[in-house]
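Tertiary structure, described
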Amino acid sequence: GAVVSQHPSWVICKSGTSVKIECRSLDFQATTMFWYRQFPKQSLMLMATSNEGSKATYEQGVEKDKFLINHASLTLSTLTVTSAHPEDSSFYICSAMVAEHSNQPQHFGDGTRLSIL
Amino acid sequence: SQKIEQNSEALNIQEGKTATLTCNYTNYSPAYLQWYRQDPGRGPVFLLLIRENEKEKRKERLKVTFDTTLKQSLFHITASQPADSATYLCALGSQTGANNLFFGTGTRLTVIP
């Protein structure tokens, strides 16, 4: 149980393109989803926390106008990288929590490798 | 801001031995700590959670300790197998009740047959 599906698994596109990444909880309802970015040999850096039906909470230094997050249902959150540039190339990973209470594990998708040419 | 350090970037051990990974943190008092396994090109997979009032947690061949005085967690894999080769991440949970996790940079473990 607690499977999170992320799509697409990899994207290559030209600079200036907007890219949408989907994160779905397949067998549970996720009131909270998280979006991370991971550069090679570095840790996961939290970008934003997404709550169903409300605006996302962005971490310091993350541009909310560039990284648009929508969490329209209890099983789907999307991250749109707008006008992507080569420096946005990274591994983007989403996670979801089964319950609202803290100290619960997060269930991760398999990530999206984004390469901007 | 909080700082999380995992003792080494890479650790090689012989099959059958016990692997011990270290997670140290500063400028933070987490309510709980979690350990994850991450394989190349994949998302992390949850392994164990230990709360601040717990000293030790076990699950099959895995054992985690949590010393809030030393601000350190140790992660042990006993009777290690080549299939245990992966990157292991520690993550600190918030004291405020928020669900955010702060991840260490990970230790890449290689178990040599």
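In short, a report on the structure.

The rules behind these values
Residues numbered from 1 in each chain as written. Chains lettered and ligands numbered in written order. Predicted model: local features only at pLDDT ≥ 70, side-chain atom pairs only at ≥ 80, totals over all residues. Heavy atoms only, no water. Phe/Tyr/Trp six-rings, centres within 6.5 Å; stacked < 30°, edge-to-face > 60°. Helix = DSSP H or I, 4+ residues; strand = E, 2+ residues; numbered from the N terminus. Buried < 20%, exposed > 50% of the residue type's maximum accessible area, 1.4 Å probe, protein only. Pairing = 2+ DSSP bridges. Contact = heavy atoms within 4.5 Å. Axes fitted to C-alpha atoms, helices over the stretch in contact; angles between N-to-C directions.

Before going further, it helps to spend a moment on the packing of aromatic side chains. To describe a pair of aromatic rings, you give the distance between the ring centres and the angle between the ring planes. Scanning the model with the defined rule gives 12 aromatic pairs over all chains in all. Arranged with centres 5.6 Å apart and planes meeting at 85°, the rings of tyrosine 36 of chain A and phenylalanine 103 of chain B form a pair that is edge-to-face. Of the two residues, tyrosine 36 of chain A is situated in strand β4 (residues 32-38) and phenylalanine 103 of chain B in strand β10 (residues 101-103); the pairing between them involves two chains. Assigned by exposure class, tyrosine 36 of chain A and phenylalanine 103 of chain B land together as buried. Through a chain of ring-to-ring contacts, the aromatic side chains of Phe34, Tyr36 and Phe108 of chain A together with Tyr36, Phe46 and Phe103 of chain B assemble into a single cluster.

So, about the pairing of strand β9 (residues 86-93) of chain B. Residue and element names in this part refer to chain B. The buried fraction of β9 amounts to 7 of the 8 residues, a majority that puts the element mostly inside the structure. Here β9 pairs with strand β11 (residues 107-112) via 3 bridges, running antiparallel. By the bridge assignment for β11, threonine 87 is matched with arginine 108. Note: β9 against β10, 3 bridges, orientation antiparallel. When the bridges of β10 are listed, alanine 91 appears paired with phenylalanine 103.

Residue and element names in this part refer to chain B. Here threonine 78 is to be found in the loop between β8 (72-77) and β9. Given the relative accessible area of 34%, threonine 78 is considered partly exposed. Once the C-alpha coordinates of threonine 78 and arginine 61 are considered, the two residues, 17 residues apart in sequence, prove to be 5.3 Å apart. If near-sequence neighbours (up to four positions away) are discounted, threonine 78 is found in contact with Lys17, Thr18 and Arg61.

In this section: the sheet that holds strand β1 (residues 3-6) of chain B. All names here are of chain B. Read across the open sheet, the 5 strands follow the order β1-β3-β8-β7-β6; overall the sheet is antiparallel. The sheet terminates laterally at β1 and β6 (56-59), the two strands that pair on one side only. Within the sheet, the average angular offset between the axes of one strand and its neighbour, ignoring direction, is 15°.

The values reported here are purely geometric and, on their own, carry no functional implication.
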